[in-house]
Amino acid sequence: MKTVPKWALLTSGCAPVLFTAGWVFAAHLAGPTYNPIKQTISVLTAYGEAGKVITVALVVLGLCHLLTAWGLRVGTALGRLTLAGGGVAALVVAMIPAPISGGSLRHGTAAAIGFVLLSLWPILCSANGENAPWALRRKPSFTAILVMLLGGSWFLLESLSGGDLGIAERFVTDVQSIWPFVVVISCLRHAKISGGT
């Protein structure tokens, strides 16, 4: 029986913690000219020292997703590949800084691809039946996707209205970075209950 290695708990758990810590610290470094309620996390890449911090946070996030995908052996190959693709997208976003104002087609495209991949991987990794770990079952996977898509819709609405873009983006990125951790915990718990290692 395939199991998830315990180190995947570290990689999946570090993703939301270190990424959130990164954008909080970067926002602090950017100072009062940066508005975390109205501006996206990506805008921080244009702020000198803050840009370096958020770039490192994006790289760490991408690497955590790649390693978690590698360790999530109980999931389907397609789902794991999709999660890894989300990790690669985070690395690409880190390499293409966004401007302080206006947009960047390349940066926006990489971020959009990452959003799509990180929103789809739960269902692509899921399995039918009660023998699957809870977070890999269809219903929880669809629920996770629904929350991510609602968050993405909120982000799009705020983008079109010029509203609280930063809050909407942080909600989506938090959900997307936390779900792999939930899946890993579920898989490890399932293995323990089932008598696996």
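As a starting point, this report considers the structure included with it. (Residues numbered from 1 in each chain as written. Predicted model: local features only at pLDDT ≥ 70, side-chain atom pairs only at ≥ 80, totals over all residues. Heavy atoms only, no water.)

### Regarding the packing of helix 4 (residues 105–124) against helix 6 (residues 165–194)
At a closest axis distance of 10 Å, the pairing of helix 4 and helix 6 adopts a crossing angle of 35°. Judged by the twist between their axes, the crossing of helix 4 over helix 6 is left-handed. Between helix 4, through F115, L118, S119, W121 and P122, and helix 6, the contact on the second element is made entirely by V172, Q176, W179, P180 and V183. Classifying every residue of the contact of helix 4 with helix 6 gives eight nonpolar, two polar and no charged. (Axes fitted to C-alpha atoms, helices over the stretch in contact; angles between N-to-C directions. Helix = DSSP H or I, 4+ residues; strand = E, 2+ residues; numbered from the N terminus. Left-handed = near helix turned anticlockwise from the far one by under 90°. Contact = heavy atoms within 4.5 Å. Nonpolar A, V, L, I, M, F, W, Y, C, P; charged D, E, K, R; others polar.)

### Digging into helix 5 (residues 138–161)
In this model helix 5 runs 34 Å from its N-terminal to its C-terminal C-alpha over 24 residues, within 8% of the 34 Å that 1.5 Å per residue would give. For helix 5, the complete set of buried residues consists of P140, S141, A144, I145, M148, G151, G152 and E158. The elements touched by buried residues of helix 5 are helix 4 and helix 6. Two residues or fewer after helix 5 comes G162, characterised by a positive phi angle close to 70°. (Expected span 1.5 Å × (residues − 1). Buried < 20%, exposed > 50% of the residue type's maximum accessible area, 1.4 Å probe, protein only.)

### Some remarks on the nonpolar core
Formed by 21 residues in total, the largest nonpolar core has its most connected members in F19, W23, A30, Y34, L44, Y47 and I54. The set of elements that each furnish at least two residues to this core consists of helix 1 (7–30), helix 2 (48–71) and helix 3 (77–95). Ignoring any residue separated from it by four or fewer positions in sequence, one finds L44 in contact with W23, A26, A27, A30, Y34, A50, G51 and I54. A69, W121, A135 and L136 belong to the second largest nonpolar core, which has 19 residues in total. (Core = buried A, V, L, I, M, F, W, Y, C linked by side-chain atoms within 4.5 Å.)

### Here we look at the packing of aromatic side chains
The relative placement of two aromatic rings is captured by the distance of their centres and the angle of their planes. This structure, assessed with the given rule, holds three aromatic pairs. Both rings, one in W7 and one in W70, keep their centres 5.5 Å apart while their planes meet at 45°; by these two values the pair is tilted. Linking W7 in helix 1 with W70 in helix 2, this pair joins segments that are 63 residues apart in sequence. By relative accessible area, W7 is classed as partly exposed at 36%. Cation over ring: R170 sits above W23, and NZ or CZ is 4.4 Å from the ring centre. (Phe/Tyr/Trp six-rings, centres within 6.5 Å; stacked < 30°, edge-to-face > 60°. Lys NZ or Arg CZ within 6 Å of the ring centre and 35° of its normal.)

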